[in-house]
Amino acid sequence: MKIAIASDHGGFEMKQALIKHFADKGVVLADLGTHDTCSVDYPDYADKMADYILSKQADLGILICGTGVGISIAANRHKGIRAALLYNDFVAQKAKEHNNANIIVFGGRTMNIDDVIRYCDIFLNATYEGGRHQQRLNKLDKGE
Ligand code: RB5
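The written sequence of each chain sets the order in which its residues are numbered from 1. Side-chain atom pairs in this predicted model are given and counted only at pLDDT of 80 or more, local residue features only at pLDDT of at least 70, and totals for whole chains, interfaces and linings cover all residues. The basis for the side-chain values is all heavy atoms of the structure; hydrogens and waters are excluded.

## Some words on the nonpolar core
Leu18, Ile62, Leu86, Ile104 and Phe106 are the most contacted members of the largest nonpolar core, which totals 24 residues. Each helix corresponds to a stretch of at least 4 residues labelled H or I by DSSP, and each strand to a stretch of at least 2 residues labelled E; elements are numbered beginning at the N terminus. Of all the secondary structure elements, the ones that give two or more residues to this core are strand S1 (3-7), helix H1 (12-24), strand S3 (60-65), helix H4 (89-97), strand S5 (103-107) and helix H5 (113-125). Per-element tally for this core: the top contributor is H5, with 6 residues. Not counting residues up to four positions away in its chain, the partners in contact with Leu86 are Val91, Ala92, Ala95, Ile104, Val105, Phe106, Met111, Tyr119 and Phe123. In plain words, nonpolar cores are sets of buried Ala, Val, Leu, Ile, Met, Phe, Trp, Tyr and Cys residues tied together by side-chain atoms within 4.5 Å. Exposure classes here rest on a 1.4 Å probe applied to the protein chains alone. A residue is buried below 20% of its type maximum, exposed above 50%, and partly exposed in between. Within the second largest apolar cluster, 20 residues are counted, among which are Ala4, Ala58, Leu63 and Ile103. Whether two residues touch is decided by their heavy atoms; if any such pair falls within 4.5 Å, the residues are in contact.

This is the structure:
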């Protein structure tokens, strides 16, 4: 599975920590920026990630801003993107099983790295259930 990651300045430190965590496990993440702590606009990184996922350059995206809220809102404006803010173990599981999220989102200023790594593991080990959930996903992108 190919995974990409991007953040604004509020998520930069957590992005770097996740890149290191995955690298230690032998998984290289595609880093779409930002590349330092200078102030940037989170919609730019949400848009970049959405384009990357929708053009199938990666199977999963990870987005991080200060709270995870702004970058979630921005990513979910793209038809075909299902960005899920993972804030506990149950949500991490269901975001895959029920929502088949193609982007997972974290808050760099509101979450700690140990929890975020665990949420990533739970999400990556879960399986999309399809069935009635697919019927619901189909309705997300209708009529646009
Ligand atoms: C940037 O200061 C901050 O507003 C952003 O990272 C995010 O928290 C927005 O939702």
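From this point on, the discussion continues.
## Regarding a negative patch on the surface
Nonpolar side chains (Val, Leu, Ile, Met, Phe, Trp, Tyr) within 5 Å and like charges within 9 Å form the patches, drawn only from residues with over 30% relative accessible area and no salt bridge. Each accessible area value is a Shrake-Rupley result obtained with a 1.4 Å probe; residue values ignore everything except the protein chains displayed when judging cover. Within this document, salt bridges are pairs made up of a side-chain nitrogen of Lys or Arg and a carboxyl oxygen of Asp or Glu, the two lying within 4 Å of each other. Here Asp and Glu are counted as negative and Lys and Arg as positive; His is not counted, and neither are the chain ends. Taken as the charge centre is NZ of Lys, CZ of Arg, CG of Asp or CD of Glu, depending on the residue. Taken together, the side chains of Asp41, Asp44, Asp47 and Asp51 present a region of like negative charge at the surface. Residue position: Asp47 is located in helix H2 (residues 42-54). Among the residues examined, Asp47 registers a relative accessible area of 32% and is labelled partly exposed.

## Observations regarding the pairing of S5
By the criterion of burial, S5 is predominantly enclosed, with 5 of the 5 residues buried. Neither face of S5 is exposed, since Ile103, Val105 and Gly107 on one face and Ile104 and Phe106 on the opposite face are all buried. In this analysis, strands are considered paired if DSSP registers two or more bridges between them. Across 5 bridges, S3 lies against S5 in parallel orientation. Residue pairing in the sheet places Ile62 in a bridge with Ile104 of S5. As paired strands, strand S4 (residues 83-85) and S5 are joined by 3 bridges and run parallel to one another. Across the sheet, the residue bridging to Ala84 is Ile104, located in S5. With strands facing away from the observer, any crossover in which the path from the first strand over the helix to the second runs clockwise is taken as right-handed. With H4 bridging S4 and the parallel S5, this β-α-β connection has right-handed handedness.

Any link to function would need more than the numbers given here.
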